[in-house]
Amino acid sequence: MKSISISVIVCTINRPKELKNCIETIKSQTHLPDEIIVVDASEEDQSGKFESSSGNIVLKYIRTAAGLTRQRNVGVEASCGDIVFFFDDDIELDKEYIEKSLNIFSDDTLGCVGGVQGIDLNDTQSFLKGKKRLFFYRLFFLGRKDQYSKMLPSGNVTHLDIASPKIRYSEKPIRIHLASGGIVGYHRKVLNDFMFDESYIGYSHGEDIDFSHRVSNKYGIYFTSFARVYHKQHSDKISWYRTADFLESKIRSQVFLFRKHLSCNRLNYLAILWSWFGLLIWNGVVH
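Below, the structure is looked at part by part. (Residues numbered from 1 in each chain as written. Predicted model: local features only at pLDDT ≥ 70, side-chain atom pairs only at ≥ 80, totals over all residues. Heavy atoms only, no water.)

Our focus in this paragraph is the overall build of the protein. When helices and strands are counted, the protein shows 10 helices and 13 strands. The principal-axis extent of the C-alpha atoms belonging to the protein is close to 55 × 45 × 35 Å. Per-residue burial for the protein yields a buried fraction of 49% across its 287 residues. Summing over all exposed atoms, the protein offers an accessible surface of approximately 14,700 Å²; the carbon and sulfur share of this is 53%. (Helix = DSSP H or I, 4+ residues; strand = E, 2+ residues; numbered from the N terminus. Buried < 20%, exposed > 50% of the residue type's maximum accessible area, 1.4 Å probe, protein only. Areas by Shrake-Rupley, 256 points an atom, 1.4 Å probe, with all protein chains shown as cover.)

Okay, here's the thing in C-alpha cells:
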C-alpha cells in the first residue's frame, strides 16, 4: 500500500512561546509528518529559531503579511503532503492526534472523506445542558453548539457540541458540515479544489466556517473523538470574547456568510433580522 505523506501548516503572529510549544507536540507524534510549515506574520523574524530539518521532518519557515486566510493559502502552496493538517499556534496535540486522524482517511475505501477534525479537550461546557438558553438560541436562529453542525437561514451556524458526553465519547466518526480551522486535516484533492477566501482581513472570524461549508457540499468532513488537542487560548483573547468589538466581528461574519452562501429571499432576510432582535434581547435584557 502506498504510504501517505503528511504536511502540517501552523500560521502564527507574535506568539513565539506558544508556537514553540505547538511545534514540540507535533514533533512528538506517533505518526510523524513529513514536513512542518510555519507561516509567520510576526513583527520579528523568527527564522533563526528553526532548523531546516528535525530528524526526518522537513521544517519550512515562511514570512508573509498578516491575514490568516492569506497565510493558510501560502502554506498550502508550499506544501506537498497528501494530507494537510492546519493547527493553531496555541494548541498542544495529544501524541496520537495525526495517527488517529489518518485512520479516518485510511478507512475511506470510497474516497468520500475530504477532511477530519479532532476534539479540543479544553472545551468542557456543554450547550445542550442549558435547556432554556438552547430554546432561546434556536428560537432566534442564533449561533450555538448543538448535536449537528450546519448553517442557519440567518447566516449564523451551529457547531458540534463536543462537550456533550454523547459526542465527546463517540466511538464512531460523526459527519459534520462545519469544521474548526485550527484542528483539522484536509485531503490534497480538497485543497486542489478550494482556497481560503482572502477577502477576510484582520481577525478572520468565520473563515473556517466559509471554507468548510464550501468543502462539505462536495466532500465529507468527519469529527473523531480519538484525535485530541488542548487549546490553551491566551487570557487576552478570552477577555476579548466578552467585548463589543468581538460581538461586532461576529455580526460582520454573519452578514458575510449570509450574503455569500444563502439565498436572498424574504424568509432568510426575516431570519437574519429576527436573529438580531434575539441578540439584542439576550445582551440587553438577559445579561
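Text resumes after the structure shown.
Along helix α2 (residues 68-78), the residues that are buried comprise T69, Q71, R72, N73, G75 and V76. Against the buried residues of α2 lie β1 (6-12), β2 (35-40), β5 (83-88), α6 (188-193) and α7 (207-216). (Contact = heavy atoms within 4.5 Å.)

The subject of this paragraph is the packing of α7 against helix α9 (residues 244-261). Contact geometry of α7 with α9 gives a least axis separation of 10 Å together with a crossing angle of 25°. On the basis of their axis angle, the class for α7 and α9 is roughly parallel. Remark: the crossing between α7 and α9 carries right-handed chirality. Residues I209, D210, H213 and R214 of α7 form the contact with α9, whose own contacting residues are F256, L257, K260 and H261. Taken together, the residues that form the contact of α7 with α9 break down as 3 nonpolar, 2 polar and 3 charged. (Axes fitted to C-alpha atoms, helices over the stretch in contact; angles between N-to-C directions. Parallel < 35°, antiparallel > 145°, perpendicular 65-115°, else oblique. Left-handed = near helix turned anticlockwise from the far one by under 90°. Nonpolar A, V, L, I, M, F, W, Y, C, P; charged D, E, K, R; others polar.)

Oppositely charged side chains may form a pair once their charged atoms are brought near each other. Scanning the model with the defined rule gives 15 salt bridges in all. Taking the shortest distance from any N to any O, the salt bridge between R15 and D89 comes out at 2.7 Å. You can see R15 sitting in the loop between β1 and α1 (16-26) and its partner D89 sitting in the loop between β5 and β6 (91-93), a full 74 residues away along the chain. The exposure class assigned to D89 is buried, which follows from its relative accessible area of 3%. Among the salt bridges present, the one from K60 reaches E35, with a minimum N-O distance of 2.9 Å. Placement of the pair is K60 in strand β4 (residues 57-63) and E35 in strand β2, with a sequence separation of 25 residues. Linked through salt bridges whose partners overlap, the residues forming this network are D197, D210, R214 and K260. (Salt bridge = Lys/Arg side-chain N within 4 Å of Asp/Glu carboxyl O.)

Here we come to the sheet that holds strand β8 (residues 144-146). With mixed pairing, 3 strands are arranged side by side in an open sheet as β8-β10-β9. Looking along the sheet, the strands with just one partner apiece sit at the ends: β8 and β9 (150-151). (Pairing = 2+ DSSP bridges.)

Below, the discussion takes up the environment of G111. Tracing the backbone through its elements, the reader meets G111 in the loop between α3 (97-106) and β7 (113-120). Residue G111 is classed as partly exposed on the basis of its relative accessible area, which comes to 35%. Considered as a pair, G111 and G220 are 109 residues apart in the sequence and their alpha carbons are 9.3 Å apart.

Core analysis: the biggest nonpolar cluster contains 28 residues, and V8, I26, F85, F87 and Y97 have the highest contact counts within it. Ranked by the residues each element gives to this core, the list is headed by α3, at 5 residues. Other than its neighbours up to four places away in sequence, F87 contacts V8, I9, V10, C11, I26, L93, Y97, G182 and I183. In this structure, I37, F196, V215 and F223 belong to the second largest nonpolar core, which totals 24 residues. (Core = buried A, V, L, I, M, F, W, Y, C linked by side-chain atoms within 4.5 Å.)

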